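Residue strings, one per chain:
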Amino acid sequence: MSDDARQGDAADAFATRARETHGESIRHLVVFGDAVRGGDRGVHTDVEVLLVLEDDDAVAESELERLAETVGLEHGVVFSVHVLPAGRFEASEEHPFIRTAFEEGRAYV
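Keep in mind that what you see is a predicted model, and the values were worked out from it rather than measured.

Caption draft 1: Molecular detail of the nonpolar core. Core analysis: the biggest nonpolar cluster contains 24 residues, and Phe14, Leu29, Val31, Val47, Val49, Leu51 and Phe79 have the highest contact counts within it. Broken down by secondary-structure element, the contributors of at least two residues to this core are helix 1 (3–22), strand 1 (26–32), strand 2 (46–53), helix 3 (58–75) and strand 3 (78–85). The leading source of residues in this core is helix 1, at six residues. Membership of the second largest hydrophobic core comes to eight residues, among which are Phe32, Leu84, Ala86 and Ala101.

Caption draft 2: Structural context of the sheet that holds strand 2. Here we have four strands laid out as an open sheet, ordered 3-2-1-4, and mixed in their pairing. The sheet is open, and its two borders are formed by strand 3 and strand 4 (106–107), each paired with just one other strand. Along the sheet face, helix 3 touches strand 1, strand 2 and strand 3 and points at about 165° away from the line of strand 3. Where helix 5 (residues 96–104) meets the sheet, its contacts fall on strand 1, strand 2, strand 3 and strand 4, and the angle it forms with strand 1 comes to roughly 75°.

Caption draft 3: Seen up close, helix 3. Given a rise of 1.5 Å per residue, 18 residues ought to cover 26 Å, and the 26 Å separating the end C-alpha atoms of helix 3 matches this to within 8%. All buried positions along helix 3 are accounted for by Ala60, Leu64, Leu67, Ala68, Val71 and Gly72. Each buried residue of helix 3 lies within a common arc of 135° when the element is viewed along its axis, so the set occupies one face. Exposed positions of helix 3 whose direction lies more than 90 degrees from the buried face are Ala58, Val59, Glu69 and Leu73. Between the side-chain oxygen at the start of helix 3 and the backbone nitrogen of Val59 there is a gap of 3.1 Å, and the oxygen is on Asp57. Of the residues flanking the end of helix 3, it is Gly76, one or two places downstream, whose phi is positive at about 70°.

Definitions and limits used
- Residues numbered from 1 in each chain as written.
- Predicted model: local features only at pLDDT ≥ 70, side-chain atom pairs only at ≥ 80, totals over all residues.
- Heavy atoms only, no water.
- Core = buried A, V, L, I, M, F, W, Y, C linked by side-chain atoms within 4.5 Å.
- Buried < 20%, exposed > 50% of the residue type's maximum accessible area, 1.4 Å probe, protein only.
- Helix = DSSP H or I, 4+ residues; strand = E, 2+ residues; numbered from the N terminus.
- Pairing = 2+ DSSP bridges.
- Contact = heavy atoms within 4.5 Å.
- Axes fitted to C-alpha atoms, helices over the stretch in contact; angles between N-to-C directions.
- Expected span 1.5 Å × (residues − 1).
- Arc of directions from axis to C-beta.
- Polar contact = N/O pair within 3.5 Å; in protein donor to acceptor, adjacent residues only side chain to side chain.

Below, the structure written as structure tokens:
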């Protein structure tokens with residue numbers, strides 16, 4: 001399986017499972033970076049995810065990070081999960097990191 005296919009499958013699997021388990025907590029789930037650009041990362045295939053949670057919920061954040069690790073192991077990729085509570089996201093929407101994620105990424109939620 002190509003790196004692009006592995007990243008896409010992993011991103012889809014993570015998004016589906018995250019929505020099933022924490023859908024009410026997730027305001028935005030965006031996959032960005034090489035996972036959607038089709039870049040060649042060689043041995044280290046990486047999927048970057050921006051998660052915006054409705055509340056500052058440490059339990060949900062921890063569970064979603066564990067889910068990303070599990071899905072990553074299943075698909076042979078490494079997830080980098082960036083979590084922001086909605087209030088912090090709203091105050092930082094124009095930050096280059098956030099703008100780039102939304103402009104270049106694929107939104108699942």
